[in-house]
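One-letter residues, chain by chain:
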Amino acid sequence: MKRFGVWNRVLVVGLFGGACAGAAESERSTPYDRVTSELAAVVDELPTETPVTQAVAESGPLCDAMCTARTWIDEERYDEAREALARRLVEAPKDVEAVLLLNATDLRDEEYARAYERANAWVTETEDVRVLEQRARASLGADDPETAAEDFRDLISALGDLPKEQSICNALSGCCHSAAGAQAHAWVGLATAEYNRQDLDRAEEIASRVLSEGPVAEALDPAYGKFVKALIASRRGDDLTAESMYRDILARHPNEPGSLINLGGVHFRRGDLQASRRFQEAAFAVAGVDRRTAAIAWANVAEIDMLAGDFRAAEEKLLETLSISKSFAAGHFGLGVLYDLMGRTEESAEHMREALRLDTNGVTRWNTSWLTPEWEQHFRALEALAEGRLEDAEVALRGLTRSSVPMLRDAALRHVAPRS
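Residues numbered from 1 in each chain as written. Predicted model: local features only at pLDDT ≥ 70, side-chain atom pairs only at ≥ 80, totals over all residues. Heavy atoms only, no water.

> Got a sec to walk through the overall build of the protein? Specific residues and values, please.
Looking only at helices and strands, one finds 23 helices and two strands in the protein. Within the protein, the proportion of its 420 residues that are buried is 55%. On the protein, roughly 17,700 Å² of surface is accessible, and the fraction owed to carbon and sulfur atoms is 50%. (Helix = DSSP H or I, 4+ residues; strand = E, 2+ residues; numbered from the N terminus. Buried < 20%, exposed > 50% of the residue type's maximum accessible area, 1.4 Å probe, protein only. Areas by Shrake-Rupley, 256 points an atom, 1.4 Å probe, with all protein chains shown as cover.)

What follows is the structure, encoded as structure tokens:
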């Protein structure tokens, strides 16, 4: 089994870069009030003197709570950043910049549901399109492609109502885009969501018509459209075209981790595991703060270890992916497969069930490819067992008892022999 996780989100990260568009406030009472009251309750339970309050006090006038929070987000000190921002919102409940930073904290920390809920509550409280952008990023990050597609359509529409040259700036990074540039990135997000919805025709239409020509394409690095097209080409079995596109992207952006991962996937499907490993390790090395990308690359290296029979190395890496990235379904799927090959069937079943719980919408499985049909058959058997489809599992496993791959044959025999 191989989850050369067609990492279709990596080029969508950071749809906005920039410094701060002002937010128009609304007087309506909506879920925003509930979110604000929840923050107040959290702050009430905090001690008066904490490392957060001490750090803010010691930083003096050059760095207030917001500045300190930005520093902590960059340092991945997410709980401390949340505390500082929660205190700020109790003092200034309508401070949209604090909300944007709080959402940015949760997005970085892969707390997508929390980021989505807060952004969704604030959509009715502000005309700041950056809240819409964060909501779309949260639903995409949570592997909810149906919701993400709706969110990106709303974002594209809202951006279309703004003057094209209006500056839209990121509360965390300090980088800015024009409204036209931000809309172009939102189209990339929509194409990605459509791909994850398995609507290849719609994703290709956006990539070819919107991202490759006209005003949107003029506001966008061509690597974005090419990346989406490469995903679709591989999904349709044309790895040769996909490889050419990924190499074009890497010629322009040598350290782009998504292209490194997916080019490694192309080599994997060809059976060149050494080349595949090199690309995955390179992607892992340059993933930076994008923990999910790092986890995907490292899980792919673990897969190669497993195929080489080095189960211990594979297990260590897969367990590490779960510490790198929260709710990483692919890591659990990998452990499910590995433990079954090792004869640890109960642990295998536990990880398969957890992976299926996390991969509710099937996005991880959609973004998975396998070395050979037999490896996919083994995965589908374990999937069927975890879902209680015992007859389907039995058929698949009995077929594998005649496999030419010893580890697959032995694993299948452990399952079917007791019932023979």
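> Report on the environment of T360, specifying residues and quantitative values.
Here T360 is to be found in the loop between helix 19 (345-358) and helix 20 (363-366). Look at T360 and you get exposed, because its relative accessible area is 61%. Of the polar contacts made by the side chain of T360, one reaches the backbone oxygen of R357; its length is 2.8 Å. (Polar contact = N/O pair within 3.5 Å; in protein donor to acceptor, adjacent residues only side chain to side chain.)

> How would you summarise the packing of helix 15 (residues 273-286) against helix 16 (residues 291-307) if you had to cite specific residues and measurements?
In the contact formed by helix 15 and helix 16, the axes pass within 8 Å of each other and the chain directions differ by 155 degrees. By the angle between their axes, helix 15 is roughly antiparallel relative to helix 16. Classified by chirality, the crossing of helix 16 by helix 15 is left-handed. Counted together, L273, S276, R277, Q280, E281, A283 and F284 of helix 15 and A294, A297, W298, N300, V301, I304, D305 and L307 of helix 16 form the full contact between these two elements. In terms of residue class, the contact of helix 15 with helix 16 is built from nine nonpolar, three polar and three charged. (Axes fitted to C-alpha atoms, helices over the stretch in contact; angles between N-to-C directions. Parallel < 35°, antiparallel > 145°, perpendicular 65-115°, else oblique. Left-handed = near helix turned anticlockwise from the far one by under 90°. Contact = heavy atoms within 4.5 Å. Nonpolar A, V, L, I, M, F, W, Y, C, P; charged D, E, K, R; others polar.)

> An account of the packing of aromatic side chains is needed here, citing residue identities and associated values.
According to the stated counting rule, one finds five aromatic pairs in the structure shown. Between the aromatic rings of W370 and F379, the centroid separation amounts to 5.5 Å while the plane-to-plane angle is 50 degrees, which identifies the pairing as tilted. Ring-pair connections join several aromatic residues into one group, and the members of that group are F333, W370 and F379. Over the ring of W366 we find R235; its NZ or CZ atom is 3.9 Å from the centre of that ring. The residue whose ring lies beneath K317 is W298, and the NZ or CZ to ring-centre distance is 5.4 Å. (Phe/Tyr/Trp six-rings, centres within 6.5 Å; stacked < 30°, edge-to-face > 60°. Lys NZ or Arg CZ within 6 Å of the ring centre and 35° of its normal.)

> Tell me about the pattern of salt bridges, residues and numbers included.
For the structure shown, the criterion picks out 47 salt bridges. Where D95 meets R88, a salt bridge forms, and the shortest distance between an N and an O atom there is 2.8 Å. In this structure D95 comes out as buried when scored by relative accessible area, which is 13%. In this structure, E347 engages R344 in a salt bridge whose closest nitrogen and oxygen atoms are separated by 2.8 Å. A residue is classified by how much of its surface remains accessible, and E347, at 31% relative accessible area, is partly exposed. For R344, a relative accessible area of 26% translates into the label partly exposed. Members of the salt-bridge network, linked through shared partners, are D79, R82, D106, D109, E111, R114, R118 and K326. (Salt bridge = Lys/Arg side-chain N within 4 Å of Asp/Glu carboxyl O.)

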